[in-house]
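Residue-level listing of the chains:
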Amino acid sequence: MLFILIYKLSVLKRRDFVKKATLSSFATLIGTELVFGSQMLDGYTPLALQNPDPFKLFNKNKEMVVLNDKPWNIEAQAHLLDDKITPNSSMFIRNNGLVPENIDPKNWMLTIDGESVKNKKTYTLAELKSKFEQHTYQLTIECGGNGRAEFDPPAKGNQWTSGAVHCASWTGVRLRDVLENAGIKNNAIYIGFHAIDRHLSMDPTKEAISRGCPMHKALQDETLLAFKMNGKDIPLIHGYPLRLVAGGWPASVSGKWVNRISIRNKVHDGAKMTGTAYRVPCKSVAPGEKVKDEDMCIIESMPVKSLITYPKTGAKIKKGNPLNIRGHAWAGELEVHKMEYSIDFGSTWNTCNIEKPTNRLAWQHFSATVNFPKVGYYEVWARATDSNGVAQPMILPGWNPKGYLNNACHRIAVKVN
Amino acid sequence: MTKEEIFRAHVSKVYRLLMLLFALFVITGGGLIYYMFNPGFFDFKSKSETVVSVPLDLDEDRIENGIHLRTGLADAVGLMVVVNNCTNCHSAKLVIQNRMSAERWNTTIKWMQETQNLWDLGGNQEIIVNYLVTNYPPKAKGRRMALTDIDWYELED
């Protein structure tokens, strides 16, 4: 009996120790202080540590789909993206490394360096906010691999379906203003970001991701160093306290937790810039064909695409009732000029209303009223055409080894009874 | 009152006292024994044992319905080699959702060794790749699949 008593006591003590040790790091993980954390019930392990519930951890809608939990990769479903400005609860999460902990915004520094900077400079967050004019833009950010799940033969990586895209409202300072404040040499070609997230292997010499963009993109009005998303501090999982935001380009250019931007005199060669990462064959290849690294080209502007966000697929309606559909369309650096839908698998197309974008690189909202001639199974297909006259394909676009840039038409199933 | 009656009264008083003492002893003793089994019983601030039950020695490699619960991987030849070599840096979810041929898995392993600090797998590489292509073979999808798993619902407008 005495043994049981001693055993129980030791178990309690051990729990207590583990609890105290994890409380501080836990607070940073969930991005908020645990009020009364020290009074937490004995034997109670914080949910996020014991059995992580990503929906609570990141304030996500329960219908979001977890593709990967180490690193965290979570996507939306089309009907969750119905809002004109995507709320945090429906924004996909893409991580290459481990989510950082212990962020202290007061001591956060952004360094501008590189071969092509005139004067290496460092700014605090407060300096960035006070020194430079602030701007707010709605920006479409889509993962380069959105739609990867459909490629055949299958492409390597997280098997995104259609929910790795969002258009939130971002507030920050122009990257251009900051780069120009430090000074840009004439030989500048590219910028590369560096951030504090750790590599999955925990190797401190490796960066999880360090991508960038050519100078012309870096110097655009809409390319921001953002500290607010939808009017509030950026949530930790989306890059708190500072995120590079480059709308219309693969989301991997929009580096999270950024603490250094290098102005390079060559194409940036950081992690996930080289090899096959965020690259497609420079010349089109047959499905499954091997492509050498040197024949792969960096993805820049994303292709034209659209999503039907209402109704959710699977709607059953009564014969004679019209169906109102709506959604969003975007076209990378370009604008969407035409939006159509088809209920006969592309035999005929009807025009949708399409709004102008709120600002350049924001997605555009479309709507239409669909009438079905008779009862039966239908699919409503949506097709956007960009300002160069290039439309979404109905079948999969060119196969590529990593399964990027699938902009095939989105469709929903409808039954008319 | 006779002497004998007074004596009897004294004896019964002592008897009652002894019984009371005995009862107290039984209650205290019983309480102590109970406390030894349930040391948290008198600690009214601590509710841990009743709020959350913490399984102390759950088998972390438990398998149910052919699935390795901790990782979600299929129970088949090579399972533990895959668990021990392929779920340290990333989740098994990344493994399960990727369906590749043996050749492409070998290329992927080489890439992980060159860039992601994966160690030399030695003879385990064949076991791992065999496990993957047997249990997670690629599925033909063509240029566009039919819509499946549709969750039908009545749309009231």
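Peer 1: I keep staring at the overall build of chain B and nothing clicks. Help me out?
Peer 2: Broken down by element type, chain B carries 6 helices and 4 strands. Counting from the amino terminus, helix and strand elements in chain B follow one another as α-α-β-β-β-α-α-α-α-β. Of the contacts formed within chain B by residues at least 6 apart in sequence, a portion of 49% connects residues at least 24 apart.

Peer 1: Looking at this model, I keep getting lost on the overall build of chain A. Mind explaining?
Peer 2: The secondary structure content of chain A amounts to 6 helices and 24 strands. Out of the 417 residues in chain A, the part that is buried amounts to 45%. Contacts in chain A between residues far apart in sequence, at least 24 positions, make up 69% of those at least 6 positions apart.

Peer 1: Quick question: what am I supposed to make of the domain arrangement of chain B here?
Peer 2: Where the parts come together, the accessible area they lose is often given as the size of the interface. Taken as a whole, chain B is organised into domain 1 (3-45) and domain 2 (63-135). When each unit is reduced to the centre of its C-alpha atoms, the spacing between domain 1 of chain B and domain 2 of chain B is 67 Å.

Peer 1: How should the confidence of the model for chain B be read in this particular structure?
Peer 2: Residues and elements named next belong to chain B. Per-residue confidence for chain B gives a mean pLDDT of 87; residues scoring 70 or more make up 86%. Across chain B, element-level confidence peaks in strand 4 (residues 153-154) with a mean pLDDT of 98 and bottoms out in helix 2 (residues 48-51) with 49. Among the prediction metrics, the complex's ipTM stands at 0.82, with pTM recorded as 0.80.

Peer 1: Could you clarify how one ought to interpret unusual backbone geometry in this entry?
Peer 2: It is generally the case that most residues other than glycine have a negative phi and that most peptide bonds are trans. Look at the link from D152 of chain A to P153 of chain A: it is a cis peptide, with omega at -5°. Within the secondary structure, P153 of chain A sits in the loop between strand 6 (134-142) and strand 7 (165-174). Cis peptide bonds are those with omega within 30 degrees of zero, and the linkage from Y310 of chain A to P311 of chain A qualifies with -5°. Mapped onto the fold, P311 of chain A is located in the loop between strand 16 (305-310) and strand 17 (315-317). If you check the backbone angles, K272 of chain A has positive phi at about 75° while not being a glycine. The exposure class of K272 of chain A is partly exposed, given the 17 C-beta atoms found within 10 Å. You will see that N65 of chain B, though not glycine, has its phi angle at about 50°, which is positive.

Peer 1: What is the right way to read the nonpolar core from this model?
Peer 2: Generally speaking, soluble globular proteins have nonpolar side chains that are buried together. By size, the foremost hydrophobic cluster in this structure holds 95 residues, and its most contacted members are L225 and V380 of chain A. Both domains that furnish three or more residues to this core are identified here as domain 2 (81-298) and domain 3 (305-416) of chain A. Those residues in contact with V380 of chain A, other than ones at most four positions away along the chain, are I308, I325, Y341, I343, V370, R411, I412 and V414 of chain A. One finds L73, C86, M100 and L132 of chain B within the second-largest nonpolar core, a separate group that totals 11 residues.

Peer 1: Would you mind going over the sheet that holds strand 13 (residues 258-264) of chain A with me for this structure?
Peer 2: The pairing of strands in a sheet happens through backbone hydrogen bonds and is either parallel or antiparallel. Residue and element names in this part refer to chain A. What the 5 strands build is an open sheet, ordered 5-4-13-8-9; its pairing is mixed. The outermost strands of the open sheet, each flanked by one partner alone, are strand 5 (121-124) and strand 9 (212-214). Taking the axes of each pair of neighbouring strands and ignoring which way they run, one obtains an average angle of 15° across the sheet.

Peer 1: Which parts of the structure should I look at to understand the sheet that holds strand 2 (residues 72-75) of chain A?
Peer 2: Residue and element names in this part refer to chain A. Pairing is antiparallel in the open sheet, where 3 strands are placed in the order 1-2-3. Pairing within the sheet leaves two strands with one partner each, and these edge strands are strand 1 (65-69) and strand 3 (93-94). Pairing analysis gives 2 bridges linking strand 2 to strand 3, with the strands arranged antiparallel. Residue N73 lies in a different strand from strand 3, and its bridge partner there is R94.

Peer 1: Explanation requested: the pairing of strand 22 (residues 364-370) of chain A in the structure shown.
Peer 2: Two faces make up the sheet, and in a regular strand the side chains alternate between them. All names here are of chain A. One ladder, built from 7 bridges, connects strand 18 (residues 323-330) with strand 22; its direction is antiparallel. Along strand 22, the bridge assignment pairs N324 with T369. Here strand 21 (residues 353-354) runs beside strand 22; their pairing, made up of 2 bridges, is antiparallel. Counterpart to I354 in the pairing with strand 22 is F366.

Peer 1: Would you take a moment to explain the packing of helix 5 (residues 102-115) of chain B against helix 6 (residues 124-135) of chain B for this structure?
Peer 2: A pair of packed helices is characterised by two quantities: the angle between their axes and the separation of those axes. Residues and elements named next belong to chain B. Packing of helix 5 against helix 6 brings their axes to within 10 Å, and their N-to-C directions diverge by 130°. By the angle between their axes, helix 5 is oblique relative to helix 6. As helix 5 runs across helix 6, the sense of the crossing is right-handed. Only Q125, V129, L132 and V133 of helix 6 make contact with helix 5, whose side of the interface consists of A102, W105, N106 and I109.

Peer 1: What is the right way to look at the environment of W249 of chain A in this model?
Peer 2: Residue and element names in this part refer to chain A. Assignment of secondary structure puts W249 in the loop between strand 12 (243-245) and strand 13. Residue classification places W249 among the buried residues on the basis of 26 C-beta atoms within 10 Å. Separated by 76 residues in sequence, W249 and I325 have C-alpha atoms that sit 27 Å apart. Residues in contact with W249, not counting those within four places in the same chain, are C213, K217, E300, S301 and M302.

Peer 1: Explain the environment of V390 of chain A here, please?
Peer 2: Residue and element names in this part refer to chain A. Within the secondary structure, V390 is located in the loop between strand 23 (376-386) and strand 24 (410-416). Judged by the 15 C-beta atoms lying within 10 Å of it, V390 is partly exposed. Separated by 24 residues in the primary sequence, V390 and V414 have C-alpha atoms spaced 28 Å apart. Sequence-distant contacts of V390, defined by excluding residues within four places in its chain, comprise V304 and T385.

Peer 1: Please clarify how the confidence of the model for chain A should be interpreted in this entry.
Peer 2: Note: predicted coordinates in regions of low pLDDT should not be interpreted at a detailed level. For chain A, mean pLDDT is 90; residues scoring 70 or higher make up 88% of the total. Confidence drops under a pLDDT of 50 for residues 1-50 of chain A, and excluding neighbours within four residues, the segment shows 46 contacts in the predicted structure.

Peer 1: Sorry, what's going on with the environment of S254 of chain A here?
Peer 2: Residues and elements named next belong to chain A. Relative to the elements of secondary structure, S254 occurs in the loop between strand 12 and strand 13. Considering only alpha carbons, one finds S254 and R383, 129 residues apart in sequence, at a separation of 27 Å. When residues no more than four places from it in sequence are discounted, the contact partners of S254 are I141, R243, L244, V245 and A246.

Conventions adopted
- Residues numbered from 1 in each chain as written.
- Chains lettered and ligands numbered in written order.
- Predicted model: local features only at pLDDT ≥ 70, side-chain atom pairs only at ≥ 80, totals over all residues.
- Helix = DSSP H or I, 4+ residues; strand = E, 2+ residues; numbered from the N terminus.
- Contact = placed C-beta atoms within 7 Å.
- Buried ≥ 20, exposed ≤ 12 C-beta atoms within 10 Å, placed from the backbone.
- Domains from an automatic or database assignment.
- pLDDT = per-residue confidence, 0-100.
- Core = buried A, V, L, I, M, F, W, Y, C linked by C-beta atoms within 7 Å.
- Pairing = 2+ DSSP bridges.
- Axes fitted to C-alpha atoms, helices over the stretch in contact; angles between N-to-C directions.
- Parallel < 35°, antiparallel > 145°, perpendicular 65-115°, else oblique.
- Left-handed = near helix turned anticlockwise from the far one by under 90°.

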